[in-house]
Amino acid sequence: MTSIGEKRIYSAHEVLPSPILARDKAPKRSRFTRVLIFTLIAVSLLWLQSCHSVNDYIVRPFKSSNKKVNIIFMISDGYGPASETFGRSFHQAVHHNTSPNANYKAPLDKLLIGSHRSRSSDSLITDSAAGATAFSCGLKSYNGAIGVDAKGELCGTVLEGAKEQGWLTGVVVTSRLSDATPAAFFAHVASRGQESDIANEALGLMSNGTAYRDAPLDLAIGGGGCYFLPKSSPYSCRQDEQDLVGASKKKGWNTKILFNHDALKEGIESPSEFHADEAAITHSAVDFKPEEAQAFMEEDSQLPLLALLAPFNTPYEIDRKKSIPPLHSLALKAINTLDRSPHNTQGFFVMIEGSQIDLCAHSNDPACHAREIAAYQKAIEEVQAWVDNKNKQGEKTILISTSDHETGGLTLGRQLTSDYPNYAYYPERLIPVQQSAASLSAHLIAFARQPTPPRDDELEQFVRQETLGKNGAGFLPENGGQPSDEEVKAVLDCIPQTPSALTPPPINTADICRAVIADLISRRVEVGWSTSGHTGVDVPVHASGPTKDVDGLRGNIENTHIGTFIANQLGIDLADLTKRLKKQRSQISH
Ligand SMILES: *[C@@H]1O[C@H](CO)[C@@H](O)[C@H](O)[C@H]1NC(C)=O
Ligand SMILES: [Zn+2]
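Residues numbered from 1 in each chain as written. Chains lettered and ligands numbered in written order. Predicted model: local features only at pLDDT ≥ 70, side-chain atom pairs only at ≥ 80, totals over all residues. Heavy atoms only, no water.

- An unreviewed UniProt entry lists the protein under the name Alkaline phosphatase, with Meira miltonrushii as the source organism.
- What the UniProt record of the protein gives under Catalytic activity (unreviewed entry) is the line "a phosphate monoester + H2O = an alcohol + phosphate".
- Per UniProt, the comment on the protein under Sequence similarities (unreviewed entry) is "Belongs to the alkaline phosphatase family." (UniProt positions renumbered as here; feature names shortened; annotations may be inferred.)

Structure representation (structure tokens):
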């Protein structure tokens, strides 16, 4: 392990423009040119040094900017190798560029440096908890583990180590802040289901609400507001009356709730109904406050910052209303807030997750998956430009992007009949899809379950137009043909036999219809899915930053190597940190 002092010594090439993967891009120079460049750099460095005593003014900005190190760790949850190809072909389809020779490079394509093995300590297929713990603690743990090792014992994380040593820290997610991926960076619980405890840990609180340490985070932007609200609040997911919004404000946090949280949304009668229907949570119940959101995005936010975007997950990209900021805006907001903070003395570590790439793949919904990938690619493009600029200014900044695992077993090509397979798939058929399958399903069930149920012909018309047709899945004459009778029947059959608002729907009705609709779309696109869970395939690793640093991630690596890489970059001794944190815990429990 390299010491932190050594980390801050920079070779000349790092302060030159365009260090990003310069080795791959730079035209081959003659030996003479290289010697000349080297000499010029050496001479100018000597000159700068000699200036030091004469004119501090010239040298100081150069030196102080060199002190900072920033690490931006982006996680594309549930994004495997097929997702990478799929996202690229979808982009090309959107831009009418489907020629097999089209040489479009997606932002991630430019940063590809290898792959990692995602297995956990107890399974060849990891979940997001063990996957994120591998990144945060640099060790393999069991599925479900949040910041604990394979024995269930606390392990210090790169985020906690960064915070302890003076870096600013943050997490940005489109799912819940208490969801497994972000949680593994700042919390230590035996099981990912303990989301209330995880929310407490974000603020440095024990499960019972007593503060036991400084908050590990300086910035948290994401959904999951329901875990920060007391049980008596309409949109609470807690089983107790702890009010983390109030507690955070008392501790001096700049806390924002960007959704209407004081009254249940129309059509939702009770919090239990809100919790029962994930589709409703994700797609209908998010009553975003557009003015507050806009003001938040434009202001210079003070740290520590807690911004709660939604009671549960934020809406999928494909269902997102314009008033809700997209992932790339949230990412830049977080990065700029950390960067410009007066408390920023040595840089920051931030984890930014494209959380819903995974959820769309769990739904086997190709349109939803493609749009999440496009949103993530856009975020990478913007963050990469920021990173590039910082490195040009001599402030060492590393961007790492990877996935925790593949989700869905996505396959690009699907044999639909016993005839010889069709060597093609059709991402362009996703362009007219208007909503996620989850949203289409929720709307269909709501229509079928009106107090006065629709007649059979009205229901069929709804399925043809709103679910599968122009306003829904986009099955149009120019796009694979109008909905066929078989497709319409498949959807009608998923609706409960006696649809009525007076009788509760059979459990999972919305999920069953969602799966039917997602499958019809996947068949049209001719892509396959092998599971509604995760798979064990190696996933791509991408990085950008000074070449000599980023080289440490090349090739085929274990997922844990990403954690130890980050720790080394920041000069964190994870084993030592673990010892200190364990001691801190044992002191509070005795
Ligand atoms: C919370 O738990 C800790 C440790 O068990 C204890 O010291 C503290 O008094 C408890 N606080 C409350 C409010 O119960
Ligand atoms: Zn998942």
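**Some details on the site of ligand 1**
Logical step 1: All residues in the neighbourhood of ligand 1 are listed as M206, N208, T210 and I588.
Logical step 2: Between ligand 1 and N208, the relevant distance is 2.3 Å, taken from an oxygen atom to a side-chain nitrogen or oxygen of the residue.
Logical step 3: One of the side-chain N or O atoms of T210 is found 2.8 Å from a nitrogen atom in ligand 1.
Logical step 4: The fraction of the free accessible surface of ligand 1 (370 Å²) that becomes covered by protein chains is 36%. (Near = heavy atom within 4 Å. Polar contact = N/O pair within 3.5 Å; in protein donor to acceptor, adjacent residues only side chain to side chain. Areas by Shrake-Rupley, 256 points an atom, 1.4 Å probe, with all protein chains shown as cover.)

**With respect to the nonpolar core**
Logical step 1: Core analysis: the biggest nonpolar cluster contains 63 residues, and F73, F185, F228, F349, I562, I566 and L570 have the highest contact counts within it.
Logical step 2: If we ignore the near neighbours within four places in the chain, the residues touching F228 are L177, A199, D243, L244, V245, L306 and L308.
Logical step 3: In terms of nonpolar packing, the next biggest core, distinct from the first, is built from 38 residues, F86, F90, A370 and W529 among them. (Core = buried A, V, L, I, M, F, W, Y, C linked by side-chain atoms within 4.5 Å. Buried < 20%, exposed > 50% of the residue type's maximum accessible area, 1.4 Å probe, protein only. Contact = heavy atoms within 4.5 Å.)

**Topic: the sheet that holds strand 7 (residues 348-354)**
Logical step 1: Taken in spatial order, the 10 strands make up an open sheet running 5-6-4-3-7-1-8-13-2-14, and their pairing is mixed. The sheet is open, and its two edges are formed by strand 5 (254-257) and strand 14 (555-558), each paired on a single side. On average, adjacent strands in this sheet sit at an angle of 15° to one another, irrespective of strand direction.
Logical step 2: By the bridge criterion, 4 bridges tie strand 8 (residues 396-402) to strand 13 (residues 539-544) in an arrangement that is antiparallel. The partner of I400 across the bridge, within strand 13, is A543. (Pairing = 2+ DSSP bridges. Helix = DSSP H or I, 4+ residues; strand = E, 2+ residues; numbered from the N terminus. Axes fitted to C-alpha atoms, helices over the stretch in contact; angles between N-to-C directions.)

**Side note on the pattern of salt bridges**
When charged atoms on two side chains of opposite charge get close, those side chains can pair.
Logical step 1: Inspection of every chain in the model, using the stated rule, returns 32 salt bridges.
Logical step 2: Measuring nitrogen to oxygen at the nearest pair gives 2.7 Å for the salt bridge that ties D240 to R238.
Logical step 3: Note on R238: relative accessible area 2%, which makes it buried.
Logical step 4: It is possible to trace a salt-bridge network through shared partners that takes in D127, R176, D179, R192 and E195. (Salt bridge = Lys/Arg side-chain N within 4 Å of Asp/Glu carboxyl O.)

**Points about the state of the cysteines**
Logical step 1: In this structure the tally under the stated criterion is 4 disulfides.
Logical step 2: Shown here is the disulfide that connects C226 with C237, its sulfur atoms set 1.9 Å apart. Of note, the bridge from C226 to C237 carries an S-S torsion of about -90° and is left-handed in sense. In this pair, C226 sits in the loop between strand 4 (219-223) and helix 10 (244-250) while C237 sits in the loop between strand 4 and helix 10, placing the two residues 11 residues apart along the sequence.
Logical step 3: Exposure remark for C226: the relative accessible area of 0% places this residue in the buried category.
Logical step 4: A disulfide bridge connects C360 with C368, and the sulfur atoms are separated by 2.0 Å. Across the disulfide from C360 to C368, rotation about the S-S bond amounts to roughly -45°, and the bridge is consequently left-handed. (Disulfide = S-S within 2.5 Å.)

**Focus: the environment of D240**
Logical step 1: Within the secondary structure layout, D240 lies in the loop between strand 4 and helix 10.
Logical step 2: The residues touching D240, leaving out its near neighbours within four places in the chain, are P230 and K231.
Logical step 3: Polar contacts involving the side chain of D240 include one to the main-chain amide nitrogen of Q242, which spans 3.1 Å.

**Side note on the coordination of the zinc ion (ligand 2)**
Logical step 1: D358 (OD), D358 (OD), H362 (NE2) and H534 (NE2) make up the full set of protein donors to the zinc ion (ligand 2), lying at 2.2 to 2.4 Å.
Logical step 2: Coordination at the zinc ion (ligand 2) comes from 4 donor atoms whose angles at the metal span 56 to 158°, giving a geometry best classed as irregular.
Logical step 3: For the zinc ion (ligand 2), the single-chain donor residues occur in sequence as D-x3-H-x171-H. On the criterion of sequence distance, the pair formed by H362 in helix 15 (residues 356-362) and H534 in strand 12 (residues 534-535) is long-range, its members being 172 residues apart.
Logical step 4: Classification of H362 as partly exposed rests on a relative accessible area of 23%.
Logical step 5: For H534, a relative accessible area of 14% puts it in the buried group. (Donors = N, O, S within 2.8 Å, 3.2 Å for Na, K, Ca; no water. Tetrahedral: all angles 85-135°; square planar, octahedral: opposite > 155°, others 65-115°.)

**What about helix 9 (residues 195-202)?**
Logical step 1: With 7 of 8 residues buried, helix 9 lies mostly within the body of the structure.
Logical step 2: All of the buried residues in helix 9 are E195, S196, I198, A199, N200, E201 and A202.
Logical step 3: Trailing helix 9 by a residue or two, G204 shows a phi angle of about 80°, which is positive.

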